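Below are the chains, spelled out letter by letter.
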Amino acid sequence: MEIERKYKIETPPENYRDYPFHEIEQAYLCTEPVVRIRRQDKEYYLTYKSKGLLTREEYNLPLTETAYHHLLSKADGIVLTKKRYLLPLITQKGPSGLLIELDIFSGIYEGLILAEVEFSSEEEALAFVPPEWFGRDVTFSGEYQNSRLSRGNYI
């Protein structure tokens, strides 16, 4: 189960490049339901996601590089590329134990920046108070779901 909030970021923190990151390329074989393939650094996955905005079922299966490239040739829409920076969420009380996944898009969506935070419960997600630098909460609109971006909705 995936429980996450998503935010559109206008200005990321100046030091975000100091944190570890992953190079991600992903494409969609289907968007309803979501069936995605992803290359994350040198690892490859096939993912199924159920419908939903705040909470969805998610299943990841490993792929070989050969299988990934075979499926990539069958993908619909835009292949998304981004760097995902992993920032610890620090609150006024100190480290929260939560992780901010800061996605800096390249390619056709150059300049788009999104942040996601995953939670262990819906209650925790709904009570979340984002840092000041987070922008608009786009969790419940679905407008910045990667599967929608792959269809070219924001070009």
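Before going into details, it helps to say that this report is about the structure given with it. Just so we're clear, the structure is a prediction, and the values are computed from it rather than from any experiment.

**Remarks on the pairing of strand E2 (residues 21-31)**
In regular strands, side chains alternate between the two faces of the sheet.
Consideration 1: The pairing of E2 with strand E3 (residues 34-40) spans seven bridges and is classified as antiparallel. Looking across to E3, one finds that Cys30 is bridged to Val35.
Consideration 2: The antiparallel pairing of E2 with E3 creates a hairpin that spans two residues between the two strands.

**Details of the pattern of salt bridges**
Consideration 1: Inspection of every chain in the model, using the stated rule, returns 13 salt bridges.
Consideration 2: Lys6 serves as the salt-bridge partner of Glu116, at 3.0 Å between the closest nitrogen and oxygen. Note that Glu116 is positioned in strand E9 (residues 113-118) and Lys6 in strand E1 (residues 2-8), a separation of 110 residues in sequence.
Consideration 3: On the basis of relative accessible area, Lys6 is assigned to the buried category, the value being 8%.
Consideration 4: Between Glu58 and Lys49 there is a salt bridge whose closest N-O contact spans 3.2 Å.
Consideration 5: For Glu58, a relative accessible area of 23% corresponds to the partly exposed category.

**Topic: the nonpolar core**
Consideration 1: Counting 19 residues, the largest nonpolar core has Ile9, Ile100, Leu102, Val117, Phe119, Phe128 and Phe134 as its most contacted members.
Consideration 2: Going through the elements one at a time, E1, strand E7 (76-91), strand E8 (94-106) and E9 are the ones with two or more residues in this core.
Consideration 3: Setting aside anything within four residues of it in sequence, one finds Val117 in contact with Ile3, Glu4, Arg5, Leu98, Leu99, Ile100, Phe128 and Phe134.
Consideration 4: Ranked by size, the runner-up nonpolar core spans eleven residues in total, among them Tyr28, Leu112, Leu114 and Tyr144.

Reading guide: rules and limits
- Residues numbered from 1 in each chain as written.
- Predicted model: local features only at pLDDT ≥ 70, side-chain atom pairs only at ≥ 80, totals over all residues.
- Heavy atoms only, no water.
- Pairing = 2+ DSSP bridges.
- Helix = DSSP H or I, 4+ residues; strand = E, 2+ residues; numbered from the N terminus.
- Salt bridge = Lys/Arg side-chain N within 4 Å of Asp/Glu carboxyl O.
- Buried < 20%, exposed > 50% of the residue type's maximum accessible area, 1.4 Å probe, protein only.
- Core = buried A, V, L, I, M, F, W, Y, C linked by side-chain atoms within 4.5 Å.
- Contact = heavy atoms within 4.5 Å.

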